[in-house]
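Residue strings, one per chain:
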Amino acid sequence: MLDKEKRSSKVPAELKYVIIVIVGVAVIWLGIRLVLGVNNPFYVVASESMVPVLKVGDLLIVQHATMGSNSPASFNDLKIGDIIVFRSPGIIEDTGQREVIVHRVADIQTGFHGERIITTKGDANDASIPGVDNPVRVNNYIGKVLYVIPGIGLITKTISPPVNYILIGIILVILFFLLRKRREERKGGR
């Protein structure tokens, strides 16, 4: 009787692997969030404005400016040549929203009240575009690019809704059938 209870309480190997992967991803995600002090340190390059340095689909890890003035990502510590993520100063006509942009700092000026005003430019662009990538002020600034992981962002675009829901459904169905098959094998082996 005790032997049957031990067998029935075991977690199937397939489920163990799924749990290990889920826990691993969660630990990495939470670790990066804690180290960088933000909810979302990840951005995906969506245009070719920074080619050849950044390509469409590259995953960026960005340190946000909310970490304080001692942070290398602080707006006041930015230098010409840094690659930053910011919201466009003007509203984009197509979407009615402020677009998130990744460009290189091209110029830094000081405004009338001592505020920093940054002009950015995409490496592949001929010039800066007023209202799109300049003027960037502290309230538009999101953060500084720390790391680039080439091509990984394509995976996140591929598994965005509704594809992610379909993949989750397929994985759950496969798990269900694997667990059911294992139960049937155990019943047949008695």
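Caption draft 1: Quick peek at the overall build of the protein. Assigned secondary structure in the protein consists of four helices and six strands. Going through the 190 residues of the protein one by one, you find that 28% of them count as buried. Long-range pairs, those at least 24 residues apart, make up 55% of the contacts in the protein with a sequence separation of at least 6.

Caption draft 2: Spotlight on the nonpolar core. Core analysis: the biggest nonpolar cluster contains eleven residues, these being Tyr43, Val45, Met50, Leu54, Leu60, Val62, Ile83, Val85, Val102, Ile142 and Val145. Those residues in contact with Val62 that lie beyond four places of it in its chain are Leu36, Pro41, Tyr43, Val85, Gly143, Lys144, Val145 and Leu146.

Caption draft 3: Up close: the pairing of strand E6 (residues 141–149). For strand E2 (residues 59–64) and E6, the ladder comprises six bridges, and the chain directions are antiparallel. Looking across to E6, one finds that His64 is bridged to Gly143. As defined by bridge partners, strand E3 (residues 83–87) adjoins E6 across three bridges and the pair is classed as antiparallel. Note that in E6 the partner of Val85 across the bridge is Gly143.

Caption draft 4: Seen up close, the packing of aromatic side chains. Within this structure, the stated rule accounts for two aromatic pairs. Residues Phe176 and Phe177 carry aromatic rings whose centres are separated by 5.4 Å and whose planes lie at 70 degrees to one another, so their mutual orientation is edge-to-face. Overall, the relative accessible area of 47% leaves Phe177 in the partly exposed class.

Caption draft 5: Layout of a nonpolar patch on the surface. A cluster of nonpolar side chains, Ile149, Ile152, Ile155, Ile159, Val163, Ile166, Leu167, Ile170, Ile171, Ile174 and Leu178, forms an exposed patch at the surface whose accessible area comes to about 870 Å². The dominant element in the nonpolar patch, judged by the number of residues it contributes, is helix H4 (residues 163–188), at seven residues. Tracing the sequence through the fold places Ile171 in helix H4. We classify Ile171 as partly exposed; its relative accessible area is 48%.

Caption draft 6: View of the sheet that holds E3. With respect to topology, six strands assemble into an open sheet ordered E1-E2-E6-E3-E4-E5, the strand pairing being antiparallel. Only two strands of the sheet have a single neighbouring strand rather than two, namely strand E1 (42–44) and strand E5 (116–121). Put simply, the sheet's adjacent strands are angled 50 degrees from each other on average, direction ignored. Strand direction decides the pairing type here: E3 and strand E4 (residues 100–110), joined by five bridges, are antiparallel. Within the sheet, the bridge partner assigned to Val85 lies in E4 and is Val102.

Caption draft 7: Quick look at the layout of surface pockets. Put simply, the largest pocket is a space of about 640 Å³. Where the lining of the largest pocket is concerned, the elements lending two or more residues are helix H2 (13–36) and H4. Empty space within the second largest pocket amounts to approximately 300 Å³. For the second largest pocket, the lining is made up of 15 residues, of which Ser47, Glu99, Val100, Ile101 and Val102 are closest to its centre. Looking at the lining of the second largest pocket element by element, the count peaks at four residues for E4.

Caption draft 8: View of the pattern of salt bridges. Summed over all chains, the structure comprises four salt bridges. Ionic pairing is found between Asp123 and Arg104, a salt bridge with its closest N-O pair at 2.8 Å. Of the two residues, Asp123 sits in the loop between E5 and E6 while Arg104 sits in strand E4, which places them 19 residues apart along the sequence. Judged by relative accessible area, which is 24%, Arg104 ranks as partly exposed. Its salt-bridge partner being Glu115, residue Arg137 comes within 3.5 Å of it at the nearest N-O pair. Of the two residues, Arg137 is situated in the loop between E5 and E6 and Glu115 in the loop between E4 and E5; the sequence distance between them amounts to 22 residues.

Caption draft 9: Focus on the side chain of Asp58. Tracing the chain through its elements places Asp58 in the loop between E1 and E2. Within the structure, the side chain of Asp58 is placed 2.8 Å from the backbone nitrogen of Lys55, a separation counted as a polar contact.

The rules behind the values
Residues numbered from 1 in each chain as written. Predicted model: local features only at pLDDT ≥ 70, side-chain atom pairs only at ≥ 80, totals over all residues. Heavy atoms only, no water. Helix = DSSP H or I, 4+ residues; strand = E, 2+ residues; numbered from the N terminus. Buried < 20%, exposed > 50% of the residue type's maximum accessible area, 1.4 Å probe, protein only. Contact = heavy atoms within 4.5 Å. Core = buried A, V, L, I, M, F, W, Y, C linked by side-chain atoms within 4.5 Å. Pairing = 2+ DSSP bridges. Phe/Tyr/Trp six-rings, centres within 6.5 Å; stacked < 30°, edge-to-face > 60°. Patch = residues over 30% accessible without salt bridge, like charges linked within 9 Å, V, L, I, M, F, W, Y side chains within 5 Å. Areas by Shrake-Rupley, 256 points an atom, 1.4 Å probe, with all protein chains shown as cover. Salt bridge = Lys/Arg side-chain N within 4 Å of Asp/Glu carboxyl O. Axes fitted to C-alpha atoms, helices over the stretch in contact; angles between N-to-C directions. 1 Å grid on protein atoms, 1.4 Å probe; cavity = no way out; pocket = protein on both sides within 12 Å on 5 of 7 lines; lining within 4 Å. Points joined across faces, edges and corners; volume = space filled by probe spheres on them. Polar contact = N/O pair within 3.5 Å; in protein donor to acceptor, adjacent residues only side chain to side chain.

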